[in-house]
Amino acid sequence: MALKSLLLISTLFWGTAFTLDEPKVISWKTLTDVSFEKKWNQEEGMFILIPKFGTSVTPLKDKQVQITGYMIPIDIETSYYVLSANPYASCFFCGGAGPESVMSIKFKGPVKRFDTDDRVTLSGKLTLNKDNLEELNYILSEATLVE
């Protein structure tokens, strides 16, 4: 109740409420609001798919979010993991889903080792990537495990 009172007082006094840095809980369904346009990439010498993020995804750019998914270890030595909407057997890398169903994870600090298909909830800053071909379209940086 005290927090609600503080927010009400701040709204009346300053005209805006203070916001807590709570991450917005998102679903993989939200992240499907993306379309892809095929464009020729001269440097790569091939067509690539450029994402166009939709109206429900664009406001999430550089915001703190929380999402649940399945871990896919890519390089355990460097703690490089991908979070997937689906277990490994039906994930994007196996051809069972689209690129909107995975995101690169950049952890804030050292992390425990995760096994394939560990179901976890992570929190971090969401980056919408359409330019770096070396990365996935979604990147969760400064990621931490929500316990």
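Residues numbered from 1 in each chain as written. Predicted model: local features only at pLDDT ≥ 70, side-chain atom pairs only at ≥ 80, totals over all residues. Heavy atoms only, no water.

J.: What should I look at first to understand the pattern of salt bridges in this one?
T.: Close approach of charged atoms allows side chains of opposite charge to pair. Inspection of every chain in the model, using the stated rule, returns one salt bridge. Here Glu-135 and Lys-106 are joined by a salt bridge, their closest N and O atoms 2.7 Å apart. With Glu-135 in the loop between β7 (119-128) and β8 (138-145) and Lys-106 in strand β6 (residues 102-107), this pair connects stretches of sequence that are 29 residues apart. (Salt bridge = Lys/Arg side-chain N within 4 Å of Asp/Glu carboxyl O. Helix = DSSP H or I, 4+ residues; strand = E, 2+ residues; numbered from the N terminus.)

J.: Please clarify how the layout of surface pockets should be interpreted in this entry.
T.: In this approach the atoms are scanned with a rolling probe the size of a water molecule, which exposes any empty space left behind. For the largest pocket, the calculated volume is near 320 Å³. Taken together, 18 residues make up the lining of the largest pocket; nearest its centre are Leu-49, Leu-133, Glu-135, Leu-136 and Asn-137. Here the lining of the largest pocket takes four residues from strand β3 (residues 46-53), the largest share from any one element. Across the lining of the largest pocket, the residue classes tally to eleven nonpolar, three polar and four charged. (1 Å grid on protein atoms, 1.4 Å probe; cavity = no way out; pocket = protein on both sides within 12 Å on 5 of 7 lines; lining within 4 Å. Points joined across faces, edges and corners; volume = space filled by probe spheres on them. Nonpolar A, V, L, I, M, F, W, Y, C, P; charged D, E, K, R; others polar.)

J.: Please explain the packing of aromatic side chains as it appears in this structure.
T.: Centre-to-centre distance and the angle between the planes together describe a pair of aromatic rings. Considering all chains together, one arrives at five aromatic pairs under this definition. With a centroid separation of 5.1 Å and an interplanar angle of 75°, the aromatic rings of Trp-40 and Phe-47 are classed as edge-to-face. Note on Phe-53 and Tyr-138: the rings are 5.6 Å apart at their centroids and 50° apart in plane angle, and the pair reads as tilted. Highlighted residues: Phe-53 in strand β3 and Tyr-138 in strand β8, separated in sequence by 85 residues. Above the plane of the ring of Phe-47 lies Lys-38, whose end atom (NZ or CZ) is 5.8 Å from the centre. (Phe/Tyr/Trp six-rings, centres within 6.5 Å; stacked < 30°, edge-to-face > 60°. Lys NZ or Arg CZ within 6 Å of the ring centre and 35° of its normal.)

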